[in-house]
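# Architecture and fold: a report
The chain contents come next:
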Amino acid sequence: MAKDPICGMDVKEEGALHFLHYEHETIYLCSKTCKETYTRPPGMGKPTAKKGILGRFLEKLAKQNKQNYGDTPPKCH
Ligand SMILES: [Zn+2]
């Protein structure tokens, strides 16, 4: 059994889906989220920052759609 350094959960080495090779060690993580947290360079901000960017992007997209199509959403067919 290996230990996830992020959340402290026990991770089975065999068939592990999320792991990284770090120098001569293999680090096992329970989930993609923990892996991303582990690999994220310091100063990149909290996971919520990513959501903020996506939120802004979607807002921009909605604004563009409004400009292109007015208040009525585009219809299919
Ligand atoms: Zn974890």
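Our subject is the structure listed above.
Let me begin by describing the structure that accompanies this report. Note that this is a predicted model, so its numbers are computed, not measured. (Residues numbered from 1 in each chain as written. Predicted model: local features only at pLDDT ≥ 70, side-chain atom pairs only at ≥ 80, totals over all residues. Heavy atoms only, no water.)

### Things to note about the overall build of the chain
Along its length, the chain carries two helices and four strands. For the chain, the α and β elements follow one another from N to C terminus as β-β-β-β-α-α. With 77 residues in all, the chain has 13% of them scored as buried. Of all intrachain contacts in the chain linking residues separated by at least 6 positions in sequence, the fraction that spans at least 24 positions is 21%. (Helix = DSSP H or I, 4+ residues; strand = E, 2+ residues; numbered from the N terminus. Buried < 20%, exposed > 50% of the residue type's maximum accessible area, 1.4 Å probe, protein only. Contact = heavy atoms within 4.5 Å.)

### Brief notes about a nonpolar patch on the surface
Together, Leu-54, Phe-57, Leu-58 and Leu-61 make up a nonpolar patch on the protein surface, roughly 380 Å² of accessible area in all. Relative to the elements of secondary structure, Phe-57 occurs in helix H2 (residues 47-69). When its relative accessible area of 46% is taken as the criterion, Phe-57 is described as partly exposed. (Patch = residues over 30% accessible without salt bridge, like charges linked within 9 Å, V, L, I, M, F, W, Y side chains within 5 Å. Areas by Shrake-Rupley, 256 points an atom, 1.4 Å probe, with all protein chains shown as cover. Salt bridge = Lys/Arg side-chain N within 4 Å of Asp/Glu carboxyl O.)

### Things to note about the coordination of the zinc ion
On the protein side, the zinc ion has Asp-4 (OD), Cys-7 (SG), Cys-30 (SG) and Cys-34 (SG) as donor atoms, found 1.9 to 2.3 Å from it. What the four donor atoms of the zinc ion show is an angle range of 97 to 120 degrees at the metal, which sorts the shape as tetrahedral. (Donors = N, O, S within 2.8 Å, 3.2 Å for Na, K, Ca; no water. Tetrahedral: all angles 85-135°; square planar, octahedral: opposite > 155°, others 65-115°.)

### Let's talk about the side chain of Asp-4
Mapped onto the elements, Asp-4 comes out in the loop between strand S1 (2-3) and strand S2 (10-11). Of the side chains with opposite charge, Lys-3 comes closest to the buried, unpaired Asp-4, at an N-O distance of 10 Å. A distance of 3.2 Å separates a polar atom in the side chain of Asp-4 from the backbone nitrogen of Cys-7. (Lys, Arg positive; Asp, Glu negative; His and termini not counted. Polar contact = N/O pair within 3.5 Å; in protein donor to acceptor, adjacent residues only side chain to side chain.)

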